[in-house]
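Spelled out from the first residue to the last, the chains are:
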Amino acid sequence: MSRGKILFPIQAVGLGDIIFEMTLIRNFILEGYKVIWGVRDCFMEGLNQAYPDVTFINEKLINIDYDNKNDYEDDGARYLPLRWTDSLCGVPYRDCMKSKYLFFNQDWQIWDTNAQYQRYPEKEQELKYKILGILLGEKYNLINTRFTSFESHRVPIDVNNGYRNIEISTLSGYSLFDWSLVIEGAETIYTVSTSIIYILELLELAAKEIHIYIRRPQEQNHNNYDYILRKHNYILHD
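Remember, it's a predicted structure, so these values are computed and weren't measured experimentally.

Caption draft 1: Expanded view of unusual backbone geometry. We note that Asp-75 has phi near 55°; this positive angle belongs to a residue other than glycine. Along the polypeptide, Asp-75 turns up in the loop between β4 (72-74) and β5 (77-80). If you check the backbone angles, Asn-105 has positive phi at about 60° while not being a glycine. Mapped onto the elements of the fold, Asn-105 is located in the loop between α4 (96-102) and α5 (121-131).

This is the structure:
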């Protein structure tokens, strides 16, 4: 395979999908590809900081057919149909995440081996101690109720265990990756099944329990991601 080629992954939405695919994409980088990844504008800043070896740009600025289901090359660039691999592999939706690796004959279980992201300790500490006002040694619950790329859907999660509740929210200048220190220090975590679950798998956590809630009404069970949850003590709620 020649070096210096351009790679365009076709996966503009789904922050969790993008994190899950990073080891796969970095394997292509090792083969000499330069990766230009069109994503939703709301993801760009955070992803470019988290994964500086990939160039993330606004999906609308690239002339790509995001509905094309082919793995193809054109004018020196290769296009990877990551969005469509479950149908291309002929697997049920339950295996949609696995298929992103299976399509390229790679073991999906390696997804977390090279998916770690660049962290910025000063930003993380500022968020935790200054913006959120969490005290040193304070015990708190971390709660995440929103999902979808624009956080337009919500699953109500009510927690009353005597600890302070800290809810993940969109804050100007901070991405989900910048919540890592807050995530690591939580006594207990309660979250809808969204992109944060892939970050949880990449971190060492103080939490002894992580409660996962279904994205209703879009999902009826945890089947299409429960096999990914291996590192911590997850409690799956109906």
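Caption draft 2: Seen up close, the sheet that holds strand β12 (residues 234-237). Reading across from one edge, β9-β6-β10-β11-β12 is the order of the five strands in this open sheet, with parallel pairing throughout. Where the open sheet ends on each side, the last strands, each with one partner, are β9 (164-167) and β12. The mean inter-strand angle of the sheet, taken between neighbouring strand axes irrespective of direction, is 20°. As paired elements, strand β11 (residues 210-213) and β12 share four bridges and run parallel to each other.

Caption draft 3: Molecular detail of the sheet that holds strand β1 (residues 6-9). Strand order in the open sheet made by the five strands is β3-β2-β1-β5-β4, with mixed pairing throughout. Of all strands in the sheet, those with a lone pairing partner are β3 (55-58) and β4, marking the two edges. Direction aside, neighbouring strands of the sheet carry axes that sit 25° apart on average. Bridge count between β1 and strand β2 (residues 34-39): two bridges; the pairing is parallel. For Ile-6, the partnering residue across the bridge sits in β2 and is Lys-34. Running at roughly 155° to β2, helix α1 (residues 15-30) makes contact with β1, β2, β3 and β5 of the sheet.

Rules used throughout
Residues numbered from 1 in each chain as written. Predicted model: local features only at pLDDT ≥ 70, side-chain atom pairs only at ≥ 80, totals over all residues. Heavy atoms only, no water. Helix = DSSP H or I, 4+ residues; strand = E, 2+ residues; numbered from the N terminus. Pairing = 2+ DSSP bridges. Axes fitted to C-alpha atoms, helices over the stretch in contact; angles between N-to-C directions. Contact = heavy atoms within 4.5 Å.

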